[in-house]
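So you can see what is in the structure, the chains are spelled out below.
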Amino acid sequence: MSTPYIQIRFKQTQLRFRFPFRTSHGMRTHTDVVLVCAEHEGVCGFGEATLPPYLPDTVESVMAFLRKKEVQQIRFPFSAEYVFDELDKQLEGNMPAKAALDMALWQLKAKIENKSLSEVMGVVIKKTIPHTYTIGIGTRDEMHEKIQFAESSGFDFFKLKMNGVDDERILNDYLTLSSKPFAVDANQGWTDIEKSITFCKVLEQNGCVLIEQPFEKADRKKSAALMQSLTIPLIADEACQRLSDMSTLSGAFSGVNIKLQKCGGITEALRMIYHAQSLGIKTLIGCMSESSIGCSAAEALAPLCTWADLDGPWLIENDADICAMVI
């Protein structure tokens, strides 16, 4: 006898980085993750909640969310958008858990309808957009090893993590090792506006494609001053978590990094992309170094965006093992 409910199961594990991952937030060798399965009559959709230590959510909080009756009693047939909106109203916060569930429901819907994830969302694939490979902060030799690995994996566009301390050395190391296009991500690590403006002029002269989240997320004044001095896009990341934050970006950023883990999944990410298009600002579809489970969900939205940073499966060494856990 069929059940009226979608079965929601989950398990915890870890994503292990291929190289130690250093940003202005610190260094880590792994990331905790909760994998989610949404099943109906033997058909399964999968999602993941990826939990870097600088975020407030934990494995325990995500699993507590997924045990709630509102989650365990989702009825079939369902609308992923309706489920997201209702849970967002009823259960505050915990965006990684919502993202994992939302991904799983969208994938379940696609499989039931025998469509691709892009098709079921109405996304027409008309173009291939540039995809970055992230190079965490490290030595020149470490950078060289990462560039070689990334190029052997098909990447020809790099994102350089910076911290406000070693930035000139990082840039010089990169320029001696590669002539490929690059972007810069400071993860809120810059503080001095005059120094930042001067350094960004050097970045411009050397072909930097974009600069992501230079200052503390609430500091719109410095971001606005920097944006006015630049000819290349300034992209908000930590400064814009959800659709409701986008109204605060005007004058301070010319683009936004949209991540499923931040906004709660495919449903809101799609809304954010369309809203950004209406505002005339650029979009970067990003990740929290998720496995192929999370990055493939975001990849379905990539044709709508300007750039993609969905390199998680290449940043971690156990992607195949993670994916095998949910088959």
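Rules used throughout
Residues numbered from 1 in each chain as written. Predicted model: local features only at pLDDT ≥ 70, side-chain atom pairs only at ≥ 80, totals over all residues. Heavy atoms only, no water. Helix = DSSP H or I, 4+ residues; strand = E, 2+ residues; numbered from the N terminus. Rg over C-alpha atoms; globule rule 2.2 N^0.38 Å. Buried < 20%, exposed > 50% of the residue type's maximum accessible area, 1.4 Å probe, protein only. Contact = heavy atoms within 4.5 Å. Areas by Shrake-Rupley, 256 points an atom, 1.4 Å probe, with all protein chains shown as cover. Lys, Arg positive; Asp, Glu negative; His and termini not counted. Charge placed at Lys NZ, Arg CZ, Asp CG, Glu CD. Salt bridge = Lys/Arg side-chain N within 4 Å of Asp/Glu carboxyl O. Disulfide = S-S within 2.5 Å. Core = buried A, V, L, I, M, F, W, Y, C linked by side-chain atoms within 4.5 Å. Pairing = 2+ DSSP bridges. Axes fitted to C-alpha atoms, helices over the stretch in contact; angles between N-to-C directions. Right-handed = clockwise from strand over helix to strand, strands pointing away. Polar contact = N/O pair within 3.5 Å; in protein donor to acceptor, adjacent residues only side chain to side chain.

J.: Talk me through the overall build of the protein chain; I want residue IDs and the actual numbers.
T.: Per the secondary structure count, the protein chain includes 14 helices and 11 strands. In terms of overall dimensions, the protein chain is globule-like: its C-alpha atoms have a radius of gyration of 20 Å, near the 20 Å expected for 327 residues. With the principal axes as the frame, the protein chain shows a C-alpha extent of 65 × 40 × 40 Å. Across the 327 residues in the protein chain, those meeting the buried criterion constitute 56%. Relative to all contacts within the protein chain whose residues are 6 or more apart in sequence, the contacts with residues 24 or more apart total 69%. As displayed, the protein chain offers around 13900 Å² of accessible surface, 51% of which is attributable to carbon and sulfur atoms. Here the protein chain holds 34 positive side-chain charges and 42 negative ones, and the gap between their average locations is 3 Å.

J.: Before we move on, could you go through the pattern of salt bridges and cite the residues and values that matter?
T.: Under the counting rule described, the total for this entry stands at 20 salt bridges. Lys89 serves as the salt-bridge partner of Glu86, at 3.0 Å between the closest nitrogen and oxygen. In this pair, Glu86 and Lys89 both sit in helix H3 (residues 80-90), 3 residues apart, roughly one turn of the helix. For Lys89, a relative accessible area of 63% puts it in the exposed group. Its salt-bridge partner being Asp185, residue Lys159 comes within 3.9 Å of it at the nearest N-O pair. Here Asp185 lies in strand E6 (residues 182-185) and Lys159 lies in strand E5 (residues 158-161), a separation of 26 residues in the sequence. There is no split in this pair, since Lys159 and Asp185 are both buried.

J.: Outline the state of the cysteines, supporting the account with residue identities and numerical values.
T.: Under the definition given, this model contains 0 disulfides. The thiol sulfur of Cys208 is not disulfide-bonded, and the nearest other cysteine sulfur, from Cys200, lies at 7.6 Å.

J.: Quick one: what's the story with the nonpolar core, residue by residue and with numbers?
T.: The tendency in soluble globular proteins is for nonpolar side chains to be buried side by side. Counting residues in each nonpolar core, the largest one holds 110 residues, and the members touching the most others are Met121, Trp190, Leu203 and Ile285. In this structure, Phe157, Ala183, Leu284 and Trp307 belong to the second largest nonpolar core, which totals 6 residues.

J.: Describe in detail the sheet that holds strand E2 (residues 26-40), supporting the description with residues and values.
T.: Strand pairing in a sheet takes place through backbone hydrogen bonds and is either antiparallel or parallel in direction. As summarised here, the arrangement of the 3 strands in space is E1-E2-E3, forming an open sheet in which the pairing is antiparallel. Only two strands of the sheet have a single partner each, and these edge strands are strand E1 (7-23) and strand E3 (43-51). In this sheet, neighbouring strand axes are inclined to one another by 25 degrees on average, regardless of whether the strands run parallel or antiparallel. Note: E2 against E3, 9 bridges, orientation antiparallel. The residue of E3 that forms the bridge with His40 is Val43. Here helix H1 (residues 59-67) sits on the sheet and contacts E1, E2 and E3; the angle it forms with E2, its principal contact strand, is near 10 degrees. Most of the contacts of helix H4 (residues 95-112) go to E3, to which it runs at about 160 degrees, and overall it touches E1, E2 and E3.

J.: Please set out the sheet that holds strand E10 (residues 282-286) residue by residue, giving values where relevant.
T.: Ordered in space as E4-E5-E6-E7-E8-E9-E10-E11, the 8 strands form an open sheet in which the pairing is parallel. With partners counted over all chains shown, the strands left at the sheet margins are strand E4 (133-135) and strand E11 (307-308), one partner each. Here E10 pairs with E11 via 2 bridges, running parallel. Bridge pairing links Ile285 to Ala308 in E11. Its contacts with the sheet place helix H6 (residues 140-152) against E4 and E5, and it is angled at close to 170 degrees to E4.

J.: Residue-level account of the pairing of E5, with values.
T.: What you see with E5 is no split at all: Phe158 and Leu160 on one side and Lys159 and Lys161 on the other are buried throughout. Direction of pairing for E4 relative to E5: parallel, over a ladder of 3 bridges. In the sheet register, Thr134 faces E5, and the bridge partner there is Lys159. At this point the chain moves from E4, through H6, to the parallel E5, and the crossover so formed is right-handed. As paired strands, E5 and E6 are joined by 4 bridges and run parallel to one another. Bridge pairing in E6 links Lys161 to Asp185. The parallel pair E5 and E6, bridged by helix H7 (residues 167-177), forms a crossover whose chirality is right-handed.

J.: Now, about helix H9 (residues 220-229): what can you tell me, with residues and values included?
T.: Think of an α-helix as turning once every 3.6 residues; residues three or four places apart then point the same way. Here H9 has its buried residues at Ser223, Ala224, Leu226, Met227 and Ser229. Contact partners of the buried residues in H9: helix H8 (193-205) and strand E8 (234-236). Taking the backbone nitrogen of Lys221 as reference, a side-chain oxygen 3.3 Å away marks Asp219 as the first, capping residue of H9.

J.: Account for the pairing of strand E9 (residues 255-259), naming residues and giving values.
T.: In terms of burial, E9 is largely enclosed, as 5 of its 5 residues are buried. Where E8 and E9 come together, 2 bridges link them in parallel fashion. For Ile235, the partnering residue across the bridge sits in E9 and is Gly255. Examined bridge by bridge, E9 and E10 share 5 bridges and lie parallel to one another. Directly across from Val256, in E10, lies its bridge partner Thr283.

Any link to function would need more than the numbers given here.
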